[in-house]
Amino acid sequence: MSDVKIIGPAVPNVPWQEPPSEMNGAPVWRYNDNPIIGRNPVKEVARIFNSAVMPYEDGFIGVFRAEQTNGIPFIYLGRSKDAIHWEFDEEKIQFVDEDNKPFMPVYAYDPRLVKIEDIYYIMWCQDFYGASIGIAKTTDFKKFVRVENPFLPFNRNAVLFPRKINGKFMMLSRPSDSGHTPFGDIFISESPDMVYWGRHRHVMGKSSEWWEAVKIGGGAAPIETTEGWLLFYHGVTGTCNGYVYSIGGAILDIDNPSIVKYRCENFLLTPQEWYEERGFVQNVTFPCATIHDSESGRIAIYYGAADTYVGLAFTTVDGVVDYIKANSVTREPDTEIGIR
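In this text, all values refer to a predicted model and were calculated from it rather than measured experimentally.

Colleague: Any chance you could explain the overall build of the protein here in plain terms?
Modeller: Along its length, the protein carries three helices and 22 strands. For 340 residues, the compact-globule estimate of 2.2 N^0.38 gives 20 Å, and the C-alpha radius of gyration of the protein, at 18 Å, lies within 12% of that figure. Expressed along its principal axes, the backbone C-alpha trace of the protein runs to roughly 50 × 45 × 45 Å. Residue burial in the protein is summarised as follows: out of 340 residues, 59% are buried. Put simply, 55% of the contacts in the protein that link residues at least 6 apart link residues at least 24 apart. When the accessible surface of the protein is totalled, it reaches about 14,400 Å², and 48% of it is carbon and sulfur.

Colleague: I tried to follow the sheet that holds strand β4 (residues 73-80) on my own but got confused; where do I start?
Modeller: Sheet strands associate in pairs through backbone hydrogen bonding, adopting either a parallel or an antiparallel arrangement. Spatially, four strands are ordered β2-β3-β4-β5 in an open sheet, and the strand pairing comes out antiparallel. Each edge of the open sheet carries a strand with a single partner, namely β2 (45-56) and β5 (87-88).

Colleague: I keep staring at the pairing of β2 and nothing clicks. Help me out?
Modeller: Working note: regular strand, side chains alternate between the two faces of the sheet. Taken across its 12 residues, β2 has 11 buried, putting it largely inside the fold. Of the pairings in the sheet, the one linking β2 to strand β3 (residues 59-68) comprises nine bridges and is antiparallel in character. Opposite Val45, over in β3, you have Gln68 as the bridge partner. Between the end of β2 and the start of β3, which pair antiparallel, lie two residues, with Glu57 showing a positive phi angle near 50 degrees.

Colleague: Which parts of the structure should I look at to understand the pattern of salt bridges?
Modeller: For the structure on display, the rule yields 19 salt bridges. For the salt bridge of Glu18 with Arg298, the shortest nitrogen-to-oxygen distance reads 3.5 Å. Placement of Glu18 in the segment before β1 (29-30) and of Arg298 in strand β21 (residues 298-305) is noted, with a sequence separation of 280 residues between them. The class of Arg298 is partly exposed, set by a relative accessible area of 29%. Notably, a salt bridge pairs Lys137 with Glu98, separated by 4.0 Å at the nearest N-O pair.

Colleague: How should I be thinking about the sheet that holds strand β20 (residues 285-292) in this particular structure?
Modeller: On the basis of which strands lie adjacent, the open sheet formed by four strands has the order β1-β22-β21-β20 and antiparallel pairing. Looking at strand neighbours, the two that pair on one side only are β1 and β20, the edges of this open sheet. Bridge analysis of β21 against strand β22 (residues 309-316) gives eight bridges, and the strand direction is antiparallel. Bridged to Arg298 within β22 is Thr316. Of the strands in this sheet, β21 and β22 are in contact with helix α2 (residues 317-326), which crosses β22 at around 85 degrees.

Colleague: For this particular structure, what's the right way to read the side chain of Arg263?
Modeller: Its location among the elements puts Arg263 in strand β19 (residues 260-263). In this structure the side chain of Arg263 is engaged in a polar contact, spanning 3.0 Å, whose partner is the side chain of Asp334.

Colleague: Help me understand unusual backbone geometry, please; the structure alone is not making it clear to me.
Modeller: Note: most residues except glycine have negative phi, and most peptide bonds are trans. With an omega of -5 degrees, the peptide bond between Asn34 and Pro35 qualifies as cis. Of note, Pro35 is situated in the loop between β1 and β2. Residues Pro153 and Phe154 are joined by a peptide bond in cis, for which omega reads 10 degrees. Structurally, Phe154 can be placed in the loop between β10 (144-146) and β11 (155-160). For Asn40, which is not glycine, the phi torsion reads 50 degrees and is therefore positive. If you trace the backbone, Asn40 turns up in the loop between β1 and β2. The backbone phi angle of Ala83 is positive, close to 65 degrees, even though this residue is not glycine. Following the sequence through the fold, Ala83 ends up in the loop between β4 and β5. With relative accessibility at 0%, the residue Ala83 sits in the buried group.

Rules behind the numbers
Residues numbered from 1 in each chain as written. Predicted model: local features only at pLDDT ≥ 70, side-chain atom pairs only at ≥ 80, totals over all residues. Heavy atoms only, no water. Helix = DSSP H or I, 4+ residues; strand = E, 2+ residues; numbered from the N terminus. Rg over C-alpha atoms; globule rule 2.2 N^0.38 Å. Buried < 20%, exposed > 50% of the residue type's maximum accessible area, 1.4 Å probe, protein only. Contact = heavy atoms within 4.5 Å. Areas by Shrake-Rupley, 256 points an atom, 1.4 Å probe, with all protein chains shown as cover. Pairing = 2+ DSSP bridges. Salt bridge = Lys/Arg side-chain N within 4 Å of Asp/Glu carboxyl O. Axes fitted to C-alpha atoms, helices over the stretch in contact; angles between N-to-C directions. Polar contact = N/O pair within 3.5 Å; in protein donor to acceptor, adjacent residues only side chain to side chain.

So this is what it looks like as C-alpha cells:
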C-alpha cells in the first residue's frame, strides 16, 4: 500500500465502518445500514437524494435535494451529530440577493457544498431560461446570498474545488442540453471573483468502458491529496431499460487540473443493492459529497440512490488511489491541456 495523504483538516469523527473480510473489485464498501435517508423524511417532501454534506462546528451540516410532494425539487438544510442520522428544517432554504431581497430559484436540485477560505458555497442545477447552474454563499448557514449565475444554459453538475488554484476559483461543470442529456463531458473553468468565468478547458469525456459510454459528470468536490486531486464522478451507460449511473474515480494534476493523471477503467460502485436498483429512477448511484479525515485517510462517500434515497460508502485514500492507478487507462483527450 502506498503512502498517499489527504491534504486538509483532520476530521476525527468522520463516519466509518470497517471493510468486509472479503471484497471483489474496487476497495469501496457500502454502509451496512443503508440507506441512511429513506422516503418521506420531511413534511411535504417525498424523497431526499443527491445531496451534499460536510463537517460544521461540532457536528455536520448538509444541503439536500428534497423532491417535494408536488414534484418540484428544492434545497433543504439538514444537521447531524454523526453524519448518518439527520434532522431537516421543515422549510426550504430561503435565498436572497445581494440587496437582501428574496431571490428564490424556480427549482433547485443536485446541490454540492464546498468551503473555500471562510465562505461556504452551494452549487445546484436550476432554471435560467433552461437548465443551468446556480450558486449561493453563506458564512453561518442562516443567510444564503445568491451570486451571479456562472454560465449560460445548458449546464449541470457544477462543483467548486475546495481552494483557489493559482489565485483563481476553479469549478467543474458538464455542458448539456434541456433534457436527459445523451452526451456530456467534464470541463473546468476559472474565475478571479466568482462573477466572471473563463479560460474553459476540457477535462475528460465518456469512454469506451461500458459503464461510462454515454456521458459523465462531476460528483463530489475534489479531494486534495499528495498524488493530485482525487475526483469521484458519475458515469452513465444506456440499456434497453434506461440509463444506469455508476461511480468512477480519477486523479487530476494538482496545479493544472484540466490534465488527468490517472483514470480508473473500472467503476468504483455500480447499482446492485435494492435501494440503488429500485426507486423513482432505477439503477442510480450518484456521488455528491465526501467527508474525509487527513489523519486516518478515511473517506466517507455520500451518494444518491435510485433518485429516492441517500447511501453511504467508505474507502481509504491510499486504497482507492492505488486502485485507480493500478487500473488506469487514459486517452489523449484526458492527458492534453484541454484546449483546441
